[in-house]
Amino acid sequence: MQSLTNRVKPVDRKPMTFLEKIYLWEIAKGMMITIKHFFRKKPTIKYPEQTREFSSVFRGLHILNRDEQGRERCTACGLCAVACPAEAITMEAAERKKGEEHLYREEKYAARYEINMLRCIFCGLCEEACPKDAIYLSQTFTPSNLTRAQFIYKKDDLLIPDPNKDPELYAKALGDRKKS
Ligand code: SF4
Ligand code: SF4
């Protein structure tokens, strides 16, 4: 059949040599490549026993912050939810009652605060939108889970430990963020 273009190239099929026919040489060449990789520096690590150092701008799991007296900073203003491009944040506001001043810093607080981690793209806009330094993205991974429901993080999952009750865990959760 006549070709429509001039790009046809005839294939030169040379008969195979004896070595090529028994494939042993090709197998040995493949094994050499495998063996070479035994002596190279391994790109993988034994997670979770070993962890990589994160970049200073890494954005991980969200933390709901407290002030130095251990009171919740969030005032349920909703700015983080409005700023969130993934609509991952929901909350319900409540009014602080008399005697609850040691729990909540502002007169209004988040009675319910949830983040859907399956929606979150870890952009950090919620952190930037917050006027109370009440939410930030830590340098911790969101752990893996088996069900979708487990990825809806409730307020109790997100709240930083109380600095007065557990200063060590508080400092660990705060990481290299400065107290404000
Ligand atoms: S990090 Fe971005 S996507 Fe995730 S909750 Fe905050 S604003 Fe929404
Ligand atoms: S985390 Fe900050 S922005 Fe979001 S509701 Fe609380 S105070 Fe407002």
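In this text the structure is predicted, and so the values were computed from the model without any measurement. (Residues numbered from 1 in each chain as written. Chains lettered and ligands numbered in written order. Predicted model: local features only at pLDDT ≥ 70, side-chain atom pairs only at ≥ 80, totals over all residues.)

> I tried to follow the sheet that holds strand 3 (residues 108-116) on my own but got confused; where do I start?
Either a parallel or an antiparallel arrangement is found when strands of a sheet pair, and the pairing is made through backbone hydrogen bonds. The antiparallel open sheet is built from 3 strands, whose spatial order is 2-3-5. Taken across any chain shown, the strands that pair with only one partner, and hence form the sheet edges, are strand 2 (89-95) and strand 5 (152-153). Direction of pairing for strand 2 relative to strand 3: antiparallel, over a ladder of 7 bridges. Looking across to strand 3, one finds that Glu 92 is bridged to Arg 112. (Pairing = 2+ DSSP bridges. Helix = DSSP H or I, 4+ residues; strand = E, 2+ residues; numbered from the N terminus.)

> So what exactly am I meant to see when it comes to helix 2 (residues 24-38) here?
Every α-helical turn comprises 3.6 residues, leaving residues that sit three or four positions apart pointing alike. With 15 residues, helix 2 extends 21 Å between its outermost C-alpha atoms, agreeing within 8% with the 21 Å of an ideal straight helix rising 1.5 Å per residue. Counting buried positions over the 15 residues of helix 2 gives 0, only a small fraction of the element. (Expected span 1.5 Å × (residues − 1). Buried ≥ 20, exposed ≤ 12 C-beta atoms within 10 Å, placed from the backbone.)

> How do you make sense of unusual backbone geometry when you look at a structure like this?
Residues apart from glycine generally show negative phi values, whereas peptide bonds are mostly found in trans. In this model, Tyr 47 is joined to Pro 48 through a cis peptide bond whose omega is 10°. Relative to the helices and strands, Pro 48 is located in the loop between helix 2 and strand 1 (62-64). Although it is not a glycine, Tyr 23 sits at a positive phi angle of roughly 60°. Counting through the fold element by element, Tyr 23 comes out in the loop between helix 1 (18-22) and helix 2. Positioned with a positive phi, Phe 122 is a non-glycine residue whose angle comes to about 55°. By the secondary structure assignment, Phe 122 is in the loop between strand 3 and helix 4 (125-129). On the basis of neighbour counts, which here come to 16 C-beta atoms within 10 Å, the residue Phe 122 falls in the partly exposed class.

> Please explain the UniProt feature "binding site: [4Fe-4S] cluster 2" (unreviewed entry) in the chain as it appears in this structure.
When the UniProt feature table is mapped onto this chain numbering, "binding site: [4Fe-4S] cluster 2" (unreviewed entry) sits at Cys 84, Cys 120, Cys 123 and Cys 126. The annotated residues occupy 43 residues of the chain but converge on a single region, no pair of C-alpha atoms lying more than 10.4 Å apart. Of note, Cys 120 is situated in the loop between strand 3 and helix 4. Dropping the residues within four chain positions of it, Cys 120 is found in contact with Ala 86, Ala 88 and Ile 115. With respect to the secondary-structure elements, Cys 123 resides in the loop between strand 3 and helix 4. (UniProt positions renumbered as here; feature names shortened; annotations may be inferred. Contact = placed C-beta atoms within 7 Å.)

> Would you take a moment to explain the UniProt feature "binding site: [4Fe-4S] cluster 1" (unreviewed entry) in the chain for this structure?
According to UniProt, the feature "binding site: [4Fe-4S] cluster 1" (unreviewed entry) maps to Cys 74, Cys 77, Cys 80 and Cys 130 in the numbering used here. Judged by maximum C-alpha separation, these annotated positions cover 57 residues in sequence but sit close together in space, the widest gap being only 10.3 Å. You can call Cys 80 buried: it has 25 C-beta atoms within 10 Å. Those residues in contact with Cys 80 that sit more than four places away from it in its chain are Ile 89, Cys 126, Ala 129, Cys 130 and Ile 135. Tracing the chain through its elements places Cys 130 in the loop between helix 4 and strand 4 (135-137). Setting aside residues no more than four positions away along its own chain, Cys 130 makes contact with Leu 79, Cys 80 and Ile 135.

> Quick question: what am I supposed to make of the pairing of strand 3 here?
Two faces belong to every sheet, and in a regular strand the side chains alternate between them. Here 2 bridges tie strand 3 to strand 5, and the two strands are oriented antiparallel to one another. Its bridge partner lying in strand 5, Asn 116 is registered against Ile 152.

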